[in-house]
Amino acid sequence: MTGDKTMSMAGTDLFELSRGVLDVASKKVSLIEDITRRTKMLAMNALIEAARAGDAGRGFAVVANEVSEISTQVNSITKELRSEIVARVDHLTTTGSAMVQEMHGKRLADLSLNMIEIIDRNLYERSCDVRWWATDSAVVDCAADPTEEARRHASRRLGVILESYTVYLDLWIADRNGNVIANGRPDRYPGARGANVSDEPWFRQALATRNGGEFTVGDVARNRSLDDRVVATYATAIRRDGEADGDAIGVLGIFFDWEPQAAAVVEGVRLEAGEREKSRCLLLDARHRVIASSDGRGLLTETVPLRRSASTMGHYIDDKNRLVGYALTPGYETYKGLGWYGVIIQDR
């Protein structure tokens, strides 16, 4: 990123230098033109005086004519020089401008990749959490035999986990029918226990996982039972005796507190001074729906018509003359990513 930034600055310097060359050259050419005009005027005055002098001025008239001819030639050369300088400097300016745009576009794409990589690493940890906690004895016992005592014990155990893992709003245990039989924060979210999640894609997909190494992720969405907060839901099957190949006896769903975590990523992009107020940093899901934005607008309601090439990252000028840099999630270790994008849209 530092190299791209340096090259971008070099392109800007080239652009400014070319404009400076044009200004200096134009001023010098103007001076030459002024001198040739004055020289031509003097030659004309000399011819007039030579004519008045008659035969005595004939030799001087020859010199005056030669000076006038030279002035005409110099003036012609000066005009050609001005035209060539303008053309070449314009070409240099266009090249410099294209270089600046290319380097700056690559930098925005790199920053977009950095954003999505941070999210990937974060969500990889969530996938590890849900698979680990689903093997906790309190969770397994509650799903296997949901007595009132087993539910209370599981709820207390989930509460202890939540005290250390503050990025979660709540953790739910659901039986095979989708009934939530225990949660980690019953005092804060009393409506969670007793809710039925059998229609939720994350529940159905988790129940269908083949072994304890698999998990599922729901779309970033609002959860009415969690005060309508925006969450990223991770889930996996709870298996008999906590064994990786045991029968699925329930589902553990964990709810990542999405908004503050995602906001920290999009608002923390290392933009240069003066860039932030004209830039919009975004995270988009696989449908190009806004799931985080540095300006706080469009969350879950706006879709960005991302114009991407076959490449996983790149940049382009959109129909509003804005520079757009983007990068597709590369995944992280065993976490394959969800087809999300990091995107930066910047006014030019």
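Residues numbered from 1 in each chain as written. Predicted model: local features only at pLDDT ≥ 70, side-chain atom pairs only at ≥ 80, totals over all residues. Heavy atoms only, no water.

- Looking at an unreviewed UniProt entry, the protein carries the name Chemotaxis protein, with the source organism given as Azospirillum oryzae.
- UniProt, in the comment section headed Sequence similarities (unreviewed entry), describes the protein in these words: "Belongs to the methyl-accepting chemotaxis (MCP) protein family." (UniProt positions renumbered as here; feature names shortened; annotations may be inferred.)

**Brief notes about the nonpolar core**
1) Next: Membership of the largest hydrophobic core comes to 52 residues, with the highest contact counts inside it found for I173, W258 and L283.
2) Next: By residue number, the principal contributor to this core is helix α2 (residues 58-133), which donates 10 residues.
3) Next: Of the domains in this structure, domain 2 (134-259) and domain 3 (269-345) are the two that each give at least three residues to this core.
4) Next: Leave out the neighbours within four places in its chain, and W258 touches I119, L123, V220, V230, V231, A232, L283, I291, A292 and W340.
5) Next: Residues V180, A192, F203 and V231 belong to the second largest nonpolar core, which totals 16 residues. (Core = buried A, V, L, I, M, F, W, Y, C linked by side-chain atoms within 4.5 Å. Buried < 20%, exposed > 50% of the residue type's maximum accessible area, 1.4 Å probe, protein only. Helix = DSSP H or I, 4+ residues; strand = E, 2+ residues; numbered from the N terminus. Domains from an automatic or database assignment. Contact = heavy atoms within 4.5 Å.)

**Quick notes on the sheet that holds strand β9 (residues 313-317)**
1) Next: Read from one edge to the other, the open sheet built from five strands follows the order β8-β7-β11-β10-β9, with strand pairing classed as antiparallel. The open sheet has two edge strands with one neighbour each: β8 (290-293) and β9. Here the average twist between neighbouring strands, direction ignored, is 20 degrees.
2) Next: As judged from the seven bridges shared by strand β10 (residues 322-328) and strand β11 (residues 341-347), these two strands associate in the antiparallel manner. Residue pairing for β11: G325 is matched across the bridge by I344. (Pairing = 2+ DSSP bridges. Axes fitted to C-alpha atoms, helices over the stretch in contact; angles between N-to-C directions.)

**Side note on the pattern of salt bridges**
Opposite charge on two side chains lets them pair, provided their charged atoms get close.
1) Next: Tallying each qualifying case throughout the model produces 19 salt bridges.
2) Next: R126 serves as the salt-bridge partner of D129, at 3.1 Å between the closest nitrogen and oxygen. Highlighted residues: D129 and R126, both in helix α2, separated by three residues, approximately one helical turn.
3) Next: Looking at D129, the relative accessible area reads 6%, which means it is buried.
4) Next: Connected via shared salt-bridge partners are E148, E149, R152, R156 and R193. (Salt bridge = Lys/Arg side-chain N within 4 Å of Asp/Glu carboxyl O.)

**Brief notes about empty space enclosed by the protein**
1) Next: Under the defined criterion, the tally for this structure stands at one cavity of 30 Å³ or more.
2) Next: Lining the largest cavity are D219, V220, D285, R289, I291 and W340.
3) Next: The class makeup of the residues in the lining of the largest cavity is three nonpolar, no polar and three charged. (1 Å grid on protein atoms, 1.4 Å probe; cavity = no way out; pocket = protein on both sides within 12 Å on 5 of 7 lines; lining within 4 Å. Points joined across faces, edges and corners; volume = space filled by probe spheres on them. Nonpolar A, V, L, I, M, F, W, Y, C, P; charged D, E, K, R; others polar.)

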